[in-house]
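# Remarks on the overall topology
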Amino acid sequence: MTPNRVETIHRVLSQRQPDLTVITDEAHKARNLSAIIRSCDAVGVGTFHCVTPKKGFRSYRGTASGSNKWVTTQNHESISDGIKSLKKQGFRIVAANLSSKAVDFREVDYSQPTAILMGSEKSGVSSQALELCDQQVIIPMMGMVESYNVSVACAIILNEAQRQRQVHGMYSHCRLDDDSYKKAFFQWCQPVIAKYCDDNDISYPELDSDGDLNEPSEWYTQVKSI
């Protein structure tokens, strides 16, 4: 782990936005999900929520040009489960949906805890999800088509959320709590050891300032004795 790499990890973690996220309502195309995850990482979203499609598609576990290493994907069995879970955490649900109830996406205050809800490629946001969401937004279109591709639309909305949060100074100081920061730092610096610890319910060992194990030989000895 080079000093530059460690510095980059610290910089990125210090700009993560724990109260901004995206949840997809049965979107299933790998290229769209990958693009959404890349957009999440780009604006500081650390967790992406994905609802498993019901019509024979497996839940998303694909790659996102490396972005999946930095963004946690949390799968939900249903959109209601996903939305209710986010609401319990204090998130407001903002759905991208073409309807008479929708407002221009730039009129929403994304400095508040916000989960952006994106629909499936064919059907958009389901009626069940719309009943649970707090607000609907649209991206004004000037051409013949009615909507952007789901991943493009998500990127546009996320970019506005980033702009607003920068204006409010929300990227100028670390917003992760200490435990979340330390956990992510370890996982990013030592992904193999982190997975081993998670799989075996073992606490993460201490890291030094360079992102390496503080006492590697002692930790390996302890692990062998378990």
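This section reports on the structure supplied with the text.

About the thresholds
Starting afresh in each chain, residues are numbered from 1 along the sequence in its written order. Only residues with pLDDT of 70 or above have their local features reported here, since the model is predicted, and side-chain atom pairs are shown and tallied only from 80 upward, although totals for entire chains, interfaces and linings are computed over all residues. To get the side-chain values, all heavy atoms of the structure are used, and hydrogens and water are removed first. Any two of the Phe, Tyr and Trp rings considered here, Trp counted by its six-membered ring, make a pair once their centres fall within 6.5 Å; the pair's planes then place it as stacked at under 30 degrees, edge-to-face at over 60, or tilted in between. Secondary structure elements follow DSSP: runs of H or I of four or more residues count as helices, runs of E of two or more count as strands, with numbering from the N terminus. For every residue, the accessible area (1.4 Å probe, protein chains only) is compared with the maximum for its type, and the residue is labelled buried under 20%, exposed over 50%, or partly exposed between those bounds. Helix axes use the C-alpha atoms of the stretch in contact, all axes being lines fitted to C-alpha atoms, and the angles between their N-to-C directions lie in the range 0 to 180 degrees. Orientation is classified from the angle alone, with under 35 degrees giving roughly parallel, over 145 giving roughly antiparallel, 65 to 115 giving roughly perpendicular, and any other angle giving oblique. Residues count as neighbours in contact if any of their non-hydrogen atoms are within 4.5 Å of one another. When residues are grouped by polarity, Ala, Val, Leu, Ile, Met, Phe, Trp, Tyr, Cys and Pro land in nonpolar, Asp, Glu, Lys and Arg in charged, and all others, Gly among them, in polar. Remark: nonpolar core denotes a set of buried residues (Ala, Val, Leu, Ile, Met, Phe, Trp, Tyr, Cys) joined through side-chain atoms within 4.5 Å. Strands are labelled as partners when DSSP assigns at least two bridges between them. Clockwise travel from the first strand over the helix to the second, with the strands pointing away from the viewer, marks a crossover as right-handed. Arc definition: directions from the helix axis to the C-beta atoms.

### Details of the packing of aromatic side chains
- This model, assessed by the stated rule, comprises three aromatic pairs.
- Judged by centre distance (5.0 Å) and plane angle (70°), the rings of Trp70 and Trp188 are edge-to-face. Taken together, the residues span a long stretch of sequence, with Trp70 in the loop between strand E2 (47-51) and strand E3 (72-76) and Trp188 in helix H6 (residues 178-189) at a distance of 118 residues.
- Aromatic pair Phe186 and Tyr204: ring centres 4.5 Å apart, planes at 10°, arrangement stacked. In this pair, Phe186 sits in helix H6 while Tyr204 sits in the loop between helix H7 (191-199) and helix H8 (216-225), placing the two residues 18 residues apart along the sequence.
- By relative accessible area, which is 22% here, Tyr204 ends up partly exposed.

### Describing the packing of H6 against H7
- Contact geometry of H6 with H7 gives a least axis separation of 5 Å together with a crossing angle of 120°. On the basis of the axis angle, H6 is oblique to H7. For the pair H6 and H7, contact is made by Phe186, Gln187, Trp188 and Cys189 and by Pro191, Ile193, Ala194 and Asp198, respectively.
- For the contact of H6 with H7, the class distribution of residues is six nonpolar, one polar and one charged.

### A short note on the environment of Glu215
- Within the secondary structure, Glu215 is located in the loop between H7 and H8.
- For Glu215, a relative accessible area of 48% puts it in the partly exposed group.
- Taking the C-alpha atoms as reference points, Glu215 and Pro205, ten residues apart in sequence, are found 8.3 Å from one another.

### Here's the deal with the nonpolar core
- In terms of nonpolar packing, the biggest core is built from 27 residues, with Val22, Cys40, Phe48, Met118, Ile157 and Leu158 touching the most fellow members.
- If you list the elements that add at least two residues to this core, you get strand E1 (20-24), helix H2 (30-43), E2, strand E6 (114-118) and helix H5 (150-167).
- Counting residues per element, this core draws most heavily on H5, at six residues.
- In this structure, Phe186, Cys197, Leu207 and Val223 belong to the second largest nonpolar core, which totals 19 residues.

### Describing the pairing of E2
- E2 sits mainly inside the fold: four of its five residues count as buried.
- As judged from the three bridges shared by E1 and E2, these two strands associate in the parallel manner. Paired with Ile23 across the two strands is His49, which belongs to E2.
- Each parallel crossover has a hand, and for E1 linked through H2 to E2 it is right-handed.
- For E2 and E3, the ladder comprises five bridges, and the chain directions are parallel.

### Description of helix H1 (residues 3-13)
- Among the residues of H1, those classed as buried are Val6, Ile9, Val12 and Leu13. The arc that holds the buried residues of H1, viewed along the axis, is 130°, so those residues lie on one side. Every exposed residue of H1 that faces more than 90 degrees away from the buried side is listed here: Pro3, Asn4 and Glu7.
- In this structure, the buried side of H1 is in contact with H6.

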